[in-house]
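Overview (structure and organization)
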Amino acid sequence: MNIILLGYPGSGKGTQAKVLSQKLGIFHVSTGDIFREELAKKTPLGQEVVGYLSAGRLVPDRLVLEVLKSRLSAETRGLLFDGFPRTVDQAEGLDNWFAGRSQSIDAVVFLNVAEGEVIKRLCARRTCSACGKIYNTISSPPAKENVCDACGKPLTIREDDKPEVVTRRIQVYKDQTEPLLAYYRSNGNFYEADGGLTPEAVAEKVAALLKR
Ligand code: AMP
């Protein structure tokens, strides 16, 4: 099964993708995580994308598609895309790549969250520097301030969750990613879930949609 999660940055794609990929036994592909890992390891790819990430701009389509194809060519499990595609050109690139592998997209799930809510969430987001667990200082704070409940390491604010970058990311989403809703909506396997609920409630809704 191949699934795409769509939605604003901060709409809960990463959180839902972790739950869903485990539940369905499919591979969670987060292009944002791939780029952040490369950046942390200071690889040539990391150096190439650092400017885009810290400014909240999109990495060029050609590069995103190249990285994904090389990473996923040997993957035999189903794929759960989180943060990809982000432009219509990426979506077309994915369609072509899947067509060449006799694969297709089984479901596109849009997590619908109001713009004001995602801005609040992004500004309150804290991420564990070691294990990557995600917290929200308002709705799901750690037991001890700034310390990860799971591994005891310090929590950090993602560079691109700083307010000035958040504003740019929201605008980039509206300009370049939102057109994907129309691209996929006509396909018959497009589902929409209220992403404004608790993560547990959203997970239930998404699971129910996918059962259809
Ligand atoms: P995310 O963690 O999905 O919010 O992604 C963080 C940043 O990585 C984005 O703001 C972009 O700079 C870059 N990025 C992640 N996925 C993509 C993509 N599919 N296309 C272009 N840039 C991306």
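Residues numbered from 1 in each chain as written. Predicted model: local features only at pLDDT ≥ 70, side-chain atom pairs only at ≥ 80, totals over all residues. Heavy atoms only, no water.

Let us look at the site of the ligand. Around the ligand lies a shell of 17 residues, among which Thr-31, Arg-36, Arg-57, Gly-83 and Gln-90 are the nearest. A distance of 2.9 Å is found between an oxygen atom of the ligand and a side-chain nitrogen or oxygen belonging to Arg-36. In the environment of the ligand, an oxygen atom lies 2.6 Å from a nitrogen or oxygen atom belonging to the backbone of Arg-57. Protein contacts shield 96% of the accessible area of the ligand, which totals 480 Å² for the unbound molecule. (Near = heavy atom within 4 Å. Polar contact = N/O pair within 3.5 Å; in protein donor to acceptor, adjacent residues only side chain to side chain. Areas by Shrake-Rupley, 256 points an atom, 1.4 Å probe, with all protein chains shown as cover.)

Another point: the sheet that holds strand β6 (residues 134–136). With antiparallel pairing, the three strands of this open sheet are ordered in space as β6-β5-β7. If you trace the sheet from one side to the other, it starts and ends with β6 and β7 (155–156), each paired once. Where strand β5 (residues 125–128) meets β7, two bridges bridge the pair, whose relative direction is antiparallel. By the bridge assignment for β7, Cys-128 is matched with Leu-155. (Pairing = 2+ DSSP bridges. Helix = DSSP H or I, 4+ residues; strand = E, 2+ residues; numbered from the N terminus.)

Bringing the sheet that holds strand β8 (residues 190–194) into the picture now. Adjacent strands of a sheet form backbone hydrogen bonds with each other and so pair up, either parallel or antiparallel. An order of β2-β3-β1-β4-β8 is seen for the five strands of this open sheet, with the pairing classed as parallel. Looking at the sheet topology across the chains shown, the edges are occupied by β2 (27–30) and β8. In this sheet, adjacent strand axes meet at a mean angle of 20° when their direction is disregarded. Helix α1 (residues 13–24) contacts β1 (3–6), β2, β3 (79–82) and β4 (107–112) of the sheet and is inclined by roughly 175° relative to β3. (Axes fitted to C-alpha atoms, helices over the stretch in contact; angles between N-to-C directions. Contact = heavy atoms within 4.5 Å.)

By the definition in use, this model includes 13 salt bridges. We note a salt bridge from Arg-36 to Asp-33, for which the minimum N-O separation is 2.8 Å. Note that Arg-36 and Asp-33 are positioned in helix α2 (residues 31–40) at a spacing of three residues, about one turn of the helix. Measuring nitrogen to oxygen at the nearest pair gives 3.4 Å for the salt bridge that ties Glu-159 to Lys-162. When salt bridges that share partners are traced, they join Arg-125, Arg-158, Asp-160, Asp-161 and Arg-169 into one network. (Salt bridge = Lys/Arg side-chain N within 4 Å of Asp/Glu carboxyl O.)

With that settled, the discussion passes to the packing of helix α3 (residues 44–55) against helix α4 (residues 61–72). Running from N to C, α3 and α4 point in directions that differ by 145°, and their axes come no closer than 12 Å. Between α3 and α4 lies a crossing of left-handed hand. Across the interface between the two elements, Leu-45, Glu-48 and Val-49 of α3 pack against Arg-62, Leu-63 and Val-67 of α4. Across the contact of α3 with α4, the residue classes tally to four nonpolar, no polar and two charged. (Left-handed = near helix turned anticlockwise from the far one by under 90°. Nonpolar A, V, L, I, M, F, W, Y, C, P; charged D, E, K, R; others polar.)

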